Amino acid sequence: MWLQRNLTLPAMPRGCHLMTNEVLSGLPELADLQVGLLHLFIQHTSASLTINENADPDVRGDLERHLNVMVPENAPYYEHTLEGPDDMPAHIKSVLIGPSLTIPIRAGRLALGTWQGIYLCEHRDHGGTRRVVATLNYD
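All figures in this text were calculated on a predicted structure; none of them were measured in a lab. (Residues numbered from 1 in each chain as written. Predicted model: local features only at pLDDT ≥ 70, side-chain atom pairs only at ≥ 80, totals over all residues. Heavy atoms only, no water.)

Engineer: Could you give me a rundown of the overall build of the protein, with the residues and numbers involved?
Structural biologist: A tally of regular secondary structure across the protein gives three helices and eight strands. Taking 139 residues into account, the globule formula puts the C-alpha radius of gyration at 14 Å, and the protein, at 16 Å, falls close to it. Within the protein, the fraction of its 139 residues that count as buried is 40%. Within the protein, contacts between residues separated by at least 24 positions form 82% of all contacts whose residues are at least 6 apart in sequence. In the protein, 10 side chains carry a positive charge and 16 a negative one; their mean positions are 3 Å apart. (Helix = DSSP H or I, 4+ residues; strand = E, 2+ residues; numbered from the N terminus. Rg over C-alpha atoms; globule rule 2.2 N^0.38 Å. Buried < 20%, exposed > 50% of the residue type's maximum accessible area, 1.4 Å probe, protein only. Contact = heavy atoms within 4.5 Å. Lys, Arg positive; Asp, Glu negative; His and termini not counted. Charge placed at Lys NZ, Arg CZ, Asp CG, Glu CD.)

Engineer: How would you explain the sheet that holds strand β1 (residues 2-9) if you had to name every residue and give the values?
Structural biologist: Reading across from one edge, β1-β8-β3-β5-β6 is the order of the five strands in this open sheet, with antiparallel pairing throughout. What marks the edges here is a single partner per strand, and that holds for β1 and β6 (109-110). Pairing of strand β3 (residues 35-42) with strand β5 (residues 100-106), which is carried by seven bridges, proceeds in the antiparallel orientation. Residue pairing for β5: leucine 37 is matched across the bridge by proline 104. (Pairing = 2+ DSSP bridges.)

Engineer: Any chance you could break down the environment of cysteine 16 for me, citing the residues and the numbers?
Structural biologist: Its place among the elements puts cysteine 16 in strand β2 (residues 15-18). For the pair cysteine 16 and glycine 36, spaced 20 residues apart in sequence, the C-alpha separation works out to 27 Å. Contact partners of cysteine 16, with chain neighbours within four places excluded, come to Arg60, Leu63, Glu64, Tyr119, Leu120 and Cys121.

Engineer: Please give an account of the packing of helix α2 (residues 57-70) against helix α3 (residues 87-97) that cites residues and values.
Structural biologist: Any two packed helices are characterised by the angle at which their axes cross and by the distance between the axes. The contact between α2 and α3 brings their axes to 10 Å, and the two run at 115°. The hand of the α2/α3 crossing is right-handed. Across the interface between the two elements, Glu64, Leu67, Asn68 and Met70 from α2 touch Lys93, Leu96 and Ile97 from α3. Taken together, the residues of the contact of α2 with α3 sort by class into four nonpolar, one polar and two charged. (Axes fitted to C-alpha atoms, helices over the stretch in contact; angles between N-to-C directions. Left-handed = near helix turned anticlockwise from the far one by under 90°. Nonpolar A, V, L, I, M, F, W, Y, C, P; charged D, E, K, R; others polar.)

Engineer: Describe in detail the packing of aromatic side chains, supporting the description with residues and values.
Structural biologist: Within the structure shown, the criterion is met by one aromatic pair. Summarising the aromatic geometry, the rings of tyrosine 77 and tyrosine 78 are spaced 5.2 Å apart at their centres and angled 80° between planes, so their arrangement reads as edge-to-face. (Phe/Tyr/Trp six-rings, centres within 6.5 Å; stacked < 30°, edge-to-face > 60°.)

Engineer: Could you give me a rundown of the side chain of histidine 17, with the residues and numbers involved?
Structural biologist: The residue histidine 17 is located in strand β2 in this model. Beyond its immediate stretch of four places on either side in the chain, histidine 17 contacts Met12, Arg60, Ile118, Tyr119, Leu120 and Glu122.

Engineer: Please give an account of the nonpolar core that cites residues and values.
Structural biologist: Core analysis: the biggest nonpolar cluster contains 22 residues, and Leu38 and Leu40 have the highest contact counts within it. Elements with a contribution of two residues or more to this core: β1, β3, β4 (47-53), β5, β7 (116-122) and β8 (130-138). Setting aside its immediate chain neighbours within four residues, leucine 38 contacts Val23, Leu27, Leu30, Leu101, Thr102, Ile103, Ile105, Leu110, Ala134, Thr135 and Leu136. (Core = buried A, V, L, I, M, F, W, Y, C linked by side-chain atoms within 4.5 Å.)

Engineer: Help me get a handle on the sheet that holds β2, residues and values and all.
Structural biologist: The three strands lie next to each other as β2-β7-β4, forming an open sheet whose pairing is antiparallel. In the strand order of this sheet, the two ends are held by β2 and β4, each with one partner. Each adjacent strand pair in this sheet contributes to an overall mean axis angle of 35°, direction not counted. Across seven bridges, the pairing between β4 and β7 is antiparallel.

What is shown is where atoms sit, not what they do.
Dropping the structure here:
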């Protein structure tokens, strides 16, 4: 069986944001599933999805700071600069982290580890709302 739904996430400031609860509230059917897979795909080239620690917000801040050092704004070798100094770095960060996740479902829950949560990584200063396609595959 398959179910697909578009989730719209509100505009977030640049950084890494937990979005596990938004995913769960957008997919109430998940609670009825015993076994399955959830695939999430963000339909943008300047934001990404990942899984990381859900307890200490310092992790999200450290990740954002490290990405900004790794992929700086205003690098002299960027040619794609018409959309602002945060645009090309946002594209590079999106490539590094990736646009999609696949998460197993077990007994009505995401089979995440104890300290794992789903992150939206917003790489633009003003990225706007973000669309995520959520696809459930289940027995």
